[in-house]
Amino acid sequence: MRVLSADDVRRAVPMSAAIDAVRDAFRELAAGHFVLPPRQIFGDGAVLVMSAYHSPTGTAVVKKIGIALDQVPAIRATLIWTGRGEQLVADGSSITTLRTGAVVGVATDLLAPADATRLTVIGSGAQAPDQIRAVLAVRPIADVAVTGRSAGRAEALAQELAAEFPAVRFTSGTDVDAAVADAHVICCATSSSTPLFAADTLPATVHVNAIGAFRPSMRELPRDLIASAGTVLVDQREAALEESGEVIDAVRAGSITTDDLVELGPALADPPAPSGRTVFKSVGVGCQDWAIAAALAGR
């Protein structure tokens, strides 16, 4: 049995490799090659257990996540990957942020304008750095605006990423409306229970990723954005209808129907023609964890 730390995960699977692995996993999901049991949720989302089984290889992954929004980091997780005659135990927190960033990279590559140069990230917590790394991996981003409730945390994150990406201009602040007004890509990574902005504050053409709200009671995006978006992409329809507050709200209100939700796996084979505002809402599915774990095992 191999035991891998967060540093081991980062050294073995850079963001570009993670994006490729997650993209391939969603293609496998669309092909029917995964068994994905429903996520087990305990304590109103305080503890989550996710699993995935990949039929062609006979490999499986199980991840236990503890979430405490009043702690730093808010997410603590452990992952176990089992192959044929092999077992791997790894830090699940780093895998969670890496695979969440990677799926945003896949969706952004699919829907965002090819010449997008301006990124706004809302949220300065543990998920935010990999959101930035992922978008920078797939688009020629020149300017990144980091916004959050804490000016100090937003500034610290901007400085940290500026050292990692010296060719990119980083700014920070707390004014969300100003930060989204001219963005080409927006990443929302917060635990908000109310929308972070109004749809009319956004440019006419923009791609929005939302990964922070993971309970039905949470919402990062306004209903009218979901209703008016040219494409509403989700990682998995069933999971989104169970856990995404934005999707649940929009469907219940009659703003969209379940048929309006485009799943990522099939979209990779038959890409939608993005126009105007596009949205990707991710609640996370087990094949993403499997993708990173399989990449680790292969290295």
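Scroll up for the structure.
Within each chain, residues carry numbers counting from 1 in the order of the written sequence. Only residues with pLDDT of 70 or above have their local features reported here, since the model is predicted, and side-chain atom pairs are shown and tallied only from 80 upward, although totals for entire chains, interfaces and linings are computed over all residues. Note that the side-chain values use all heavy atoms of the structure and ignore hydrogens as well as water.

Draft legend 1. Broad picture of the overall build of the chain. Strands here mean DSSP runs of E at least two residues long; helices mean DSSP runs of H or I at least four residues long; both are numbered from the N terminus. Helix and strand counts for the chain come out as 11 helices and 15 strands. Here the globule rule reads 2.2 Å times residues to the power 0.38, and the radius of gyration is calculated from C-alpha atoms. On C-alpha atoms alone, the chain measures out to a radius of gyration of 18 Å, which is about the 19 Å that the 2.2 N^0.38 rule sets for 299 residues. Overall, the C-alpha framework of the chain stretches about 55 × 45 × 40 Å when taken along its three principal axes. Partitioning the contacts of the chain with sequence separation of at least 6, the portion at a separation of at least 24 is 69%. Accessible surface, the chain as shown: approximately 12100 Å² in total, 51% of it carbon and sulfur. Across the chain, 25 positive and 33 negative side-chain charges occur, with their mean positions spaced 3 Å apart. In this description, contact between two residues means that some pair of their heavy atoms is separated by no more than 4.5 Å. To be clear on the numbers: accessible area is Shrake-Rupley with a 1.4 Å probe, and residue cover counts the displayed protein chains and nothing else. In this tally Asp and Glu are treated as negative and Lys and Arg as positive; neither His nor the chain ends contributes. Working definition for charges: the position is that of NZ of Lys, CZ of Arg, CG of Asp or CD of Glu.

Draft legend 2. Structural detail: the side chain of Arg 215. With respect to the element layout, Arg 215 can be found in the loop between strand E12 (206–210) and helix H7 (223–228). Once residues within four sequence positions are removed from consideration, Arg 215 is found in contact with Asp 44, Gly 45, Ala 46, Leu 69, Glu 243 and Gly 245.

Draft legend 3. Structural detail: the environment of Trp 81. Structurally, the position occupied by Trp 81 is in strand E6 (residues 75–83). Taking the C-alpha atoms as reference, Trp 81 lies 15 Å from Val 35; in sequence the two are 46 residues apart. If we skip the residues at most four places from it in the chain, Trp 81 touches Thr 59, Ala 60, Val 61, Glu 86, Gln 87, Leu 88, Trp 290, Ala 293, Ala 294 and Ala 297.

Draft legend 4. Local environment of the sheet that holds strand E11 (residues 185–188). The pairing criterion for strands is at least two bridges between them, as found by DSSP. Taken in spatial order, the eight strands of this open sheet run E10-E9-E8-E11-E12-E15-E13-E14, and their pairing is parallel. The sheet terminates laterally at strand E10 (169–173) and strand E14 (261–263), the two strands that pair on one side only. Neighbour-to-neighbour, the strand axes of this sheet turn through a mean angle of 20°, independent of strand direction. Bridge count for strand E13 (residues 231–234) against strand E15 (residues 277–281) is four bridges, and the pairing is parallel. Paired with Thr 231 across the bridge in E15 is Thr 278. Against the sheet, helix H4 (residues 128–138) engages strand E8 (118–122), strand E9 (143–147), E10 and E11, with an angle of about 165° to E8. For helices, the axis comes from a line fit to the C-alpha atoms of the stretch in contact; other axes are also lines fit to C-alpha atoms, and the angle between any two N-to-C directions lies between 0 and 180 degrees. Seen against the sheet, helix H5 (residues 151–164) touches E9 and E10 and runs at an angle of roughly 170° to E10.

Draft legend 5. Geometry of helix H9 (residues 245–252). To sort residues, take the accessible area from a 1.4 Å probe on protein chains only and compare it with the maximum for the residue type: under 20% means buried, over 50% means exposed, and anything in between is partly exposed. Counting buried residues in H9 gives six out of eight residues, a clear majority hidden from the surface. Turning to H9, its buried residues number three or more, namely Gly 245, Glu 246, Val 247, Ile 248, Asp 249 and Ala 250. Contacts from the buried residues of H9 go to H7, E13, helix H8 (237–243), E14 and E15. Within two residues after H9, Gly 254 carries a phi angle of roughly 80°, on the positive side.

Draft legend 6. Broad picture of the packing of aromatic side chains. In this analysis, rings of Phe, Tyr and Trp, with Trp reduced to its six-membered ring, are considered paired at centre separations within 6.5 Å, and the interplanar angle assigns stacked below 30 degrees, edge-to-face beyond 60, and tilted for intermediate values. This model, assessed by the stated rule, comprises one aromatic pair. When the ring of Phe 34 is compared with that of Trp 290, the centres are 5.1 Å apart and the planes differ by 80°; the resulting orientation is edge-to-face. Of this pair, Phe 34 sits in strand E2 (residues 34–35) while Trp 290 sits in helix H11 (residues 286–298), and the two are 256 residues apart along the sequence. Per residue, the accessibility class of Phe 34 equals that of Trp 290, and both read buried.

Draft legend 7. Geometry of the pairing of E8. Within E8, four of the five residues are buried, which leaves it mostly tucked inside the rest of the structure. Two strands pair when backbone bridges link them, and E8 and E9 are joined in this way by five bridges, in the parallel orientation. Directly across from Arg 118, in E9, lies its bridge partner Asp 143. Here, the term right-handed applies to a crossover whose path from the first strand over the helix to the second runs clockwise when the strands point away from the viewer. Between the parallel pair E8 and E9, the chain is carried across by H4, and the sense of this crossover is right-handed.

Draft legend 8. Quick look at the side chain of Lys 281. On the secondary structure map, Lys 281 appears in strand E15. Polar contacts, as used here, are pairs of N or O atoms within 3.5 Å; protein pairs need one atom able to donate a hydrogen and one able to accept it. Residues neighboring in sequence count only if both atoms are side-chain atoms. Here the side chain of Lys 281 touches Ala 213 through a polar contact of 2.8 Å, landing on its backbone oxygen. Within polar-contact distance, the side chain of Lys 281 engages the side chain of Glu 246 at 3.5 Å.

Geometric values such as these leave the question of function open.
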